[in-house]
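# Breakdown of the fold
Each chain is listed here by its residues.
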Amino acid sequence: MRAVLQRVKRANVSIEGRVNGAIGEGLMVLFGVEDSDDAADLDWLVQKIVQMRIFSDEAGLMNLSVKDINGEILVVSQFTLFAKTKKGNRPSFIAAARPEKAVPIYESFVEKLSQALGKPIPTGEFGADMQIDMLADGPVTIIIDTQNKE
């Protein structure tokens, strides 16, 4: 699994001109599933996101998590996180999981994230053409890959 976390002041995702999910301060999370991903990857990623200390404390240091600030999380599925760009100029997405595998993992990710955060998680719509509007904060952007836990 790959996740791109963007610290935001606000974010929303729209489909065909209507807002499907919106948050205030918190994290905009782009989420992709790879064929080799499993339940252990999912649990690790959920905990990592909720506990990631990337929000400023009263001294201006990044010591607080999204949970610590009572922030929100918006999740948008994004298979393009697994783009292979080595050959040619057209990316290949062969490493991304097919929908029959990715959708249940995506749904479980959102459910587990909601439980860990203690509040509902707004989302986009899997496979839809979506538009994202956000006000980045910092900017602080973190990339997490469960197959390469750095």
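Before reading on, note that the structure itself is shown above.
Okay, so let's go over this structure. Counting from 1, residues in each chain are numbered in the order their sequence is written. Only residues with pLDDT of at least 70 are given local features in this predicted model, and only at 80 or more are side-chain atom pairs given and counted; all residues enter the totals for whole chains, interfaces and linings. Hydrogens are left out, water is left out, and the side-chain values use all remaining heavy atoms of the structure.

Along the protein, the regular secondary structure elements total 2 helices and 7 strands. Scanning the protein from its N terminus toward the C terminus, one meets helices and strands in the order β-β-β-α-β-β-β-α-β. In summary, the protein has a C-alpha radius of gyration of 15 Å against a globular reference of 15 Å for 150 residues, a match within 12%. Over its C-alpha atoms, taken along the principal directions, the protein stretches across nearly 45 × 35 × 30 Å. A 1.4 Å probe rolled over the protein chains alone gives each residue an accessible area, and that area as a share of the maximum for its type sets the label: buried under 20%, exposed over 50%, partly exposed in between. Looking at the protein residue by residue over its 150 residues, the buried ones come to 45%. Residues are treated as being in contact if the distance between any of their heavy atoms lies within 4.5 Å. Across the protein, every contact between residues at least 6 apart in sequence was considered, and the portion connecting residues at least 24 apart equals 73%. In this description a helix means any DSSP run of H or I spanning at least four residues, a strand means any run of E spanning at least two, and both kinds are numbered starting from the N terminus. For a compact globule the rule gives 2.2 Å times the number of residues to the power 0.38, and the radius of gyration it is set against comes from C-alpha atoms.

Here the focus is the pairing of strand 3 (residues 26-32). Each regular strand shows side chains that alternate between the opposite faces of the sheet. Of all 7 residues in strand 3, 7 are buried; the element is thus mostly enclosed. Strands were regarded as paired on the criterion that DSSP finds at least two bridges between them. Relative to strand 3, strand 1 (residues 2-15) runs antiparallel, the two being bridged by 7 bridges. When the sheet's bridge partners are listed, Gln6 is paired in strand 3 with Met28. Pairing between strand 3 and strand 6 (residues 72-77): 6 bridges, direction parallel. Its bridge partner being in strand 6, Leu30 is matched across the sheet by Val76.

Two aromatic rings, drawn from Phe, Tyr or Trp (for Trp, its six-membered ring), form a pair once their centres lie within 6.5 Å of each other, and the interplanar angle then sorts them: stacked below 30 degrees, edge-to-face above 60, tilted otherwise. Evaluated as defined, the whole model comprises 4 aromatic pairs. Ring geometry for Tyr106 versus Phe126: centroids 5.7 Å apart, planes at 55°, classification tilted. Highlighted residues: Tyr106 in helix 2 (residues 99-117) and Phe126 in the loop between helix 2 and strand 7 (130-145), separated in sequence by 20 residues. The class for Tyr106 is buried, based on a relative accessible area of 6%.

Opposite charge on two side chains lets them pair, provided their charged atoms get close. Salt bridges are defined as contacts in which a side-chain nitrogen from Lys or Arg sits within 4 Å of a carboxyl oxygen from Asp or Glu. Considering all chains together, one arrives at 7 salt bridges under this definition. One salt bridge in this structure joins Asp145 and Arg2, with 2.7 Å as the shortest N-O distance. Separated by 143 residues along the polypeptide, Asp145 in strand 7 and Arg2 in strand 1 bring together distant segments of the chain. With a closest N to O distance of 3.9 Å, Asp137 and Lys9 form a salt bridge. In this pair, Asp137 is assigned in strand 7 and Lys9 in strand 1, connecting sequence segments 128 residues apart. The exposure class of Asp137 is buried, given its relative accessible area of 15%. You can call Lys9 partly exposed: its relative accessible area is 42%. Three or more residues joined by partner-sharing salt bridges are found here, namely Arg7, Lys9 and Asp137.

Any functional reading would require information beyond the geometric quantities listed.
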